[in-house]
Structure formats: C-alpha cells, structure tokens
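In case you want the letters, here they are:
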Amino acid sequence: MSAKLTVTPSPHIRDDLDIKKVMYAVVLALIPSAIGGVYFFGLRALVIIVAASLAAIATEAVCQKAIRRPVTISDGSALITGILLAFNLPPGVPYWLPVVGSVFAIAVAKIPFGGLGYNPLNPALVGRAFLLASWPVYMTTTWTAPSRGSLSGISAITTATPLGVFKYVRHILDNPSVGPDEISRANSYLAQLYSSASLKNLFLGNVGGCIGETSVILLLIGAAYLLIKGIICWRIPLSYIGTVALLTWILGGQGLFHGYPLFHVLSGGLVLGAFFMATDMVTSPVTPKGKIIFGVGCGILTSVIRLYGGYPEGVSYSILIMNITVPLIDRYTRPRKLGEVKGS
Amino acid sequence: MAKTFRGGVHPPEAKLTASKPIETIAQPDRVIIPLSQHTGAPSKPTVKVGEEVLIGSKIGEAEGFISVPTHSSVSGKVKAIANYPHPLGRPMPAIEIENDSRDEWIDLSHWTDLTNSSPDEIRRAVREAGIVGLGGAAFPTHVKLSPPEGKTIDTVILNGAECEPYLTGDHRLMLEHPDEIIEGLRVIMKVLGAARGYIGIERNKPDAIDKMSEKVEDEESIEVVGLKVKYPQGAEKQLIKALTGREVPCGGLPMDVGCLVQNVGTSYAIWQALKLGKPLIERVVTVSGSAVKSPGNYMVRIGTTFSHVIEQAGGMDEGCSKIIMGGPMMGIAQHTDQVPVVKGTSGMILLSAQDVRIDEPGPCLRCGKCVDHCPMRLVPNEIARFVEKGRIAEAEAYGILDCMECGVCAYVCPSKINHVHLFKIGKAEIAQRRRKEAGKEG
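Residues numbered from 1 in each chain as written. Chains lettered and ligands numbered in written order. Predicted model: local features only at pLDDT ≥ 70, side-chain atom pairs only at ≥ 80, totals over all residues. Heavy atoms only, no water.

1. Describing the overall build of chain B
Across its full length, chain B carries 13 helices and 17 strands. The principal-axis extent of the C-alpha atoms belonging to chain B is close to 65 × 55 × 50 Å. In chain B, buried positions account for 59% of the 442 residues. Sequence separation of 24 or more characterises 73% of the internal contacts of chain B that already satisfy a separation of 6 or more. (Helix = DSSP H or I, 4+ residues; strand = E, 2+ residues; numbered from the N terminus. Buried < 20%, exposed > 50% of the residue type's maximum accessible area, 1.4 Å probe, protein only. Contact = heavy atoms within 4.5 Å.)

2. Details of the environment of Gly290(A)
Residue and element names in this part refer to chain A. Along the chain, the position of Gly290 falls in helix H14 (residues 288–308). Through-space distance from the C-alpha of Gly290 to that of Phe87 is 27 Å; in sequence the pair is 203 residues apart. Those residues in contact with Gly290 that lie beyond four places of it in its chain are Pro285, Ile329 and Thr333.

3. Side note on the interface of chain A and chain B
Listed by partner, the interface residues are 42 residues for chain A and 65 residues for chain B. The contact between chain A and chain B buries some 4400 Å² in all, and 58% of this surface belongs to carbon and sulfur atoms. On the chain A side of the contact with chain B, His12(A), Arg14(A) and Leu338(A) bury the most area, a combined 20% of that side's loss. The interface formed by chain A and chain B includes 3 salt bridges. Here Asp330(A) ties to Arg366(B) by a salt bridge, and the two come within 2.9 Å at their closest N and O atoms. For the interface between chain A and chain B, the tally reads 23 residue pairs in polar contact (both at pLDDT 80 or more). (Buried area = accessible area lost by both parts, 1.4 Å probe. Salt bridge = Lys/Arg side-chain N within 4 Å of Asp/Glu carboxyl O. Polar contact = N/O pair within 3.5 Å; in protein donor to acceptor, adjacent residues only side chain to side chain.)

4. Section: the domain arrangement of chain A
All names here are of chain A. Per the domain assignment, the segments of chain A are domain 1 (19–141) and domain 2 (162–206 + 232–331). Computed from C-alpha atoms alone, the centre-to-centre distance between domain 1 and domain 2 is 24 Å. Listed by partner, the interface residues are 19 residues for domain 1 and 17 residues for domain 2. Contact between domain 1 and domain 2 buries roughly 1600 Å² in total, counting both sides, with carbon and sulfur atoms accounting for 72%. Considering only the surface of domain 1 that becomes buried against domain 2, Phe40, Asn122 and Leu125 emerge as the three largest contributors, covering 31% of it. The interface formed by domain 1 and domain 2 contains 0 salt bridges. Counting the contacts that link domain 1 with domain 2 gives 2 residue pairs in polar contact (both at pLDDT 80 or more). Within the residue set of the side of domain 1 that touches domain 2, elements represented by two or more residues are helix H1 (19–41), helix H3 (77–87) and helix H5 (123–134). The element contributing the most residues to the side of domain 1 that touches domain 2 is H5, with 5 residues. Class assignment of the residues belonging to the side of domain 1 that touches domain 2 gives a composition of 14 nonpolar, 4 polar and 1 charged. (Domains from an automatic or database assignment. Nonpolar A, V, L, I, M, F, W, Y, C, P; charged D, E, K, R; others polar.)

5. Examining the nonpolar core
Core analysis: the largest hydrophobic core is formed by 88 residues, its most contacted members being Tyr240(A) and Phe276(A). A per-element tally of this core places H1(A) first, with 11 residues. Built from parts of two domains, this core gets at least three residues from each of domain 1 (19–141) and domain 2 (162–206 + 232–331) of chain A. Those residues in contact with Tyr240(A) that sit more than four places away from it in its chain are Leu270(A), Gly273(A), Ala274(A), Ala278(A), Gly295(A), Val296(A), Cys298(A), Gly299(A), Thr302(A), Val315(A), Ser318(A) and Ile319(A). Judged by nonpolar contacts, the second largest core, of 46 residues, contains Leu114(B), Ile181(B), Val264(B) and Ile270(B). (Core = buried A, V, L, I, M, F, W, Y, C linked by side-chain atoms within 4.5 Å.)

6. Some details on a nonpolar patch on the surface
Residues and elements named next belong to chain A. The grouping of Leu227, Trp234, Leu238, Ile292, Val296, Ile300, Val304 and Tyr308 at the surface amounts to a nonpolar patch, some 700 Å² of accessible area in total. If you tally residues by element for the nonpolar patch, the top one is H14, at 5 residues. Tracing the sequence through the fold places Leu238 in helix H11 (residues 235–251). For Leu238, a relative accessible area of 56% translates into the label exposed. (Patch = residues over 30% accessible without salt bridge, like charges linked within 9 Å, V, L, I, M, F, W, Y side chains within 5 Å. Areas by Shrake-Rupley, 256 points an atom, 1.4 Å probe, with all protein chains shown as cover.)

7. Let's talk about the packing of helix H7 (residues 162–174) of chain A against H14(A)
All names here are of chain A. As a packed pair, H7 and H14 sit with axes 9 Å apart at the nearest point and diverge in direction by 60 degrees. Relative to H14, the element H7 lies oblique. Residues Leu163, Phe166, Lys167 and Arg170 of H7 form the contact with H14, whose own contacting residues are Ile305, Arg306, Leu307 and Tyr308. Residue composition of the contact of H7 with H14, grouped by class: 5 nonpolar, no polar and 3 charged. (Axes fitted to C-alpha atoms, helices over the stretch in contact; angles between N-to-C directions. Parallel < 35°, antiparallel > 145°, perpendicular 65-115°, else oblique.)

Encoded structure:
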C-alpha cells in the first residue's frame, strides 16, 4: 500500500456551514436594509456604511498585525460590525464619525478580549454607545427626513423622529402643569402617530431614524432569510419583541392597558436590534431557555427606557446591559440532561 | 409521526450498498485474531505456535466475567502469537493463523438445539460462542443477559436503526435473515422473562420494516417500529427514549429502566450459536465510500486484514486517503490497511482525498448549535472549553461523562471544533485522577 492515510478524530464528516458562511449570510441579510437606507436617505447613507465597514476591517487588520496574530478580516465579522454600526447612526452625521466608531468598536470592544468569539459585548453597540457619549449632538440631532416623507412619519411634526414625538407627548401628558390646549395638541399628535398612515410609514421605512433601522419590511426580509437558514433562531427576537409589545400595551398609555404596542414594535431600532444585534451569537446565551430570558430582559429594559428614561430609544443600551448577564444566564439555564433526575 | 428523541442531526445517508446482497468473500491466506475484541479483559491464548486448529476451535479463553473466549475463523496452523496492529490504534496481542484453505469446521454433528434450554444454559452457550454486541461497542452479550438480582427487564429492543451513514449490514441482515433474527429476539426475551419486544428500524429502510413486520404479524409481544431517520437514532439511550419514553438515568444502564438493547446482528449471532453451535467467527462488513471500487456488504471472517477485504471488494482507488472502521460519525480512522476485522467492525469506509476534510478549528462563536443538537442535551461548547483550559472538575460537573461521543456537536459546529477529541481527553483525565485517588486510599 503506497497511499498515505489521514488519521483524524471522529466525526469524519461535517456540516458545510462554517464561520465564513455564517458571517456572509448575515451580511447578505443586511443588504436589503442597506439598500433601503440609501433609497430613503440618499448617497450619504452609502458613504457612511462604506466608511464604517472599511474602518472596521482596517482596524481589525492593523490590530491583529500589531499583536502578531493571524489576520482574519476575511471571516466577515468585522464587516458586520461596520455595517451594523452604520445602521445605528443618524444619516446626517459627519463622515469621520462612523470611522471613529468602528475603530473604537474593533480596537476596544473586540480585539483586546481575544477577537471573534471572545468579546463579551456587541462591538457595534459599544461603538455606538461611545459615539453617543462623546458626540451627543451629532448623534441625537442630525436626523434627516426620508426622501419621500417626513421625519416623524406624520405631517403635523417635522422636527422629530416618531419615538421623539412619542417622548414629547408623554412628557406633556405626564406633566400636571400644562394647559388644556397643549394636552389636546399632544393627544392629536398621538392619534396621528397611531394612525394607519403613520404605521404604514413605519413599516415601509418612510420615516426618520438611523440609517438601517427604519424599514421594518426590509429588515424582516433579511431576518426571514437567517431564520430559514438556521443562522438565528426565533427565541431571542420573539421574546424581545413580544415583551416590548406586552409592556408598552400595559404601560404605554394614560392608565394601564391603554398603550399602542404596534407603534412601539414598528418604530425605532427594535426590529433591527431584535433580529440582528440581540441575536449576535457571541454575545447572547447558548441555551434555549437562556435565549428567552435574554430576550425578555432586553424587552423590559427597552420598554422602561422608552417609557420612563431620558432617551427616546433604548434598544442599544438594553442589549449591551443584557450582554453582561450572558455568562450568568448560561450558567443557570443549562438544559436538563437526558436521564437527569431533578434535584440530583 | 415517526418515533424519535430530541436533538440529533441528519447527515447525508450515503447508503450506497443498501441493495447489495451479503456476499461471502474469498478466504484470506492468514488471519490475525486479536485477543481483545471486546469490552473487558482480553482472552488468554489456549493454543501454541504450530498447533493445528479448525474453524470454531477455541484459541483464547475468557478471563473473568466481563470477557469472552476467542475462536479460530479458519482451519490451519497457528503461526505466531504476538503484537499486531489493531483497529483501535495501538498494537495488541493477537494470534496469527495460516489458512490451510480446507475450510474445515469443528465437529458440530452432535450439536443439539439449545434455543429451548434453560436461561443459564443459554447464557453459558452465548458466552462460549464468544458473542459480543455487534453494533460496534462489542460488549460481552452474556453479561447483558445476566442482570443482577433485583433488576427486572420487561422490554427487549432489537436495534435495527443503523443510523450511521454508509453502513447497511444490519439492513441486509434483516432482509436476508429475518426469521433467525426474530428467533434470536424470542430467546433473549425468554432468558430475561421480558414480556415485550421491539424491533426499531429507521424509516429509510421501508423494505426491512415491511419484511420484519410481516414476520411478527401474529406475534402479540413483538412490535416492529419505524423510527425517524436521524442520527444517533440507534444510540442505546436515544432508542429506548424513542420506543418506550423511558429515560436511562445519567450514569445508569438500560436495565435501570427495565430495558435491554441488542443489535439485530447480535441476535442473528445468538441464533447461530444456539441453533447450530457456531461460535462468532464471521460478521457482515459494509465496505463503502468514494474510494472503493465495488462497494458492498460482505460476510468476512474475523481476523481478515482490511487489505484483503478491500481487495475482494475490487480494490481501492489510487486517491484513497482515509480508511475508517465503522461509520463516518463514530468510526476510527486507520493508519494502515493491515489491521484485522474484529467483532466490532461494522464497516470499512474508504474516502478519497476530496472527501477528507482537515479543518483548522476556529474560535467558538457560541452559536449554540451544539446545544440545540446534542442528543444527551449537554452544553458541548462549554465542556470543550473547560477541557481546553484544563478545568476538568467543571467539565465533569457539566456532564462530560454523560457524553457518548456521537459526534453530533462537532458535525454541526461552524467553527469545526474537535469536541469529541477534547471530550476523550477530558474523560481520560478523569479516569486517571480516579485511579490515582483509589490508589491513595488503598
């Protein structure tokens, strides 16, 4: 016998799915929303997405070279970080902002922890949190209206995003000193926000917001692809969105059970966050039960920030906070082994 | 819906040889019969170099209860007793016998059918025939037939799942020898006083399900059950769960839940031993894969070298770069084709270079696929990490010893982590620690 035989441990066959395929499937799933962002907010959006992506990839390459590790930019994970960071920025930010955000995301939140697989927090969200803390003006005032609609999705207001309008209305209605005129105006804004025209704008993405978050339909197309491919599972997004729907219904109106959950589900970064960031494998639990707990936790935090916090939106911070709890969740939600007797 | 368990995967079935009847291959010039082909103590040689033996002659005596004797599979002369390559990896003691090609059996003319004998007599005969589980684990069958005082077995399960890709030997046996297999099941049930018998077969073998069902039509106590096509459907605990809903407790045995599982091939061997007096000297081996010229199911004498079997199967392609003993999920890669077929050799899979993958393991993405698919419902990613970091106590707390090394976690892993390899290391380390501790106390 002349041929050399390969000796490796079992199993000798493997599923085709590998790291690259996982990552590029996510990239592919984000493309409809990227196109949507460019359609609604113009070429600015494209420049921001490209700048953030290139900066993320370049930062990863430079960092890995510097610490003499193999350069793994081709695995696609840095690209995802860049795209997601851009998706979480208002379309009017200066072009250097996404670059700074991506550098921070990769160089501070990813590489020092050991790179892909070891970062405890979602790098894109850390990048966004850093930008929000450092340049709050750019991050909260550079909204632009979509090309064929208004910033708020309703005609009465043109200076705030839908969630911004909602925050303003809550502020008026919760303030005992405002006059009846103001109250009736606030109520009329609210009625417009909850109207079918407004909800349609939210669903299609014809409202102001961050580049990649506004169009629910485009996000759902990408999410459906990932669900069908088995890259993500329903547990985190469903429990997350379900919790937000439940809590905003109970607590989101004047008096209990007077909220309007559909508005909250469709607006802001919830759908983007629930399907593409809370599901980030590296920073979410591995156990089935843990995923549900994680989603519910994100949902509670998002609802609390939206309804009672200082910011109109709370998806990013909610996910970041829940990221920290992942080791604990995984530890206490280990599945019952086959044949394991309770209490043993 | 077909019965099954939770978790598992469905790799490409690749049952290339399902329609190939079992063929008897030309005898080899020599056989190398290892003294250890079973779980437990190796047998002790009872012949000397130069001695003449016949087919079925005992050449090794069992050592202790968990052990079985070894028999010659050819007639001829003992040439050497020495260390030879063994499919488990390390060279091990074996008896080499030169085949005189007369194909002469020991005298069985006075054999009386033992299928209706007392349980004790049957156990003794099964042991004397050297019968072990033929599914791959090769655990001595008489031990399984002797549950300790106080354990009642009410259900006997014949395993015809054959869930490993490529392998078709059990499938063919069920088609070609259904009566003998069922007769063997009846004997096992009688020995244990079990009232219920199941024959579990994956639904990708509808002809076998039909054939076996037809044979037990009038039998109230035996039921043929079609199982979902999913690996590892044929793993003992998963099979029991699918058929009876019972869960074998962690660290326990099937008898703890009143069950006993035997491979269909073992049942056939039991029948042959009791009815005809033939010890276990041959078995069905599926020879398959992309690098073998005539894939098929072959009746092979124990001790025949892989190279001879492959030659009889038309030879291997130039580009053969891996030979696996067993199936591709749990089988063992061989470094040489000079190893002999042993009692646990269910198949020989020859893969050409393009089917052999050598993956560089990447970082764990924590995707959770291994958790979702683990048939024991463990958390393989964490256990693998613990072993890598030398945190063996934590690996144990997370259930490493409940792992059966089915390979599902590694199969689904996008990072191509070698979980099974790490688990084997972890288990070996635990065993070593226990031995040390026992030594200290003693």
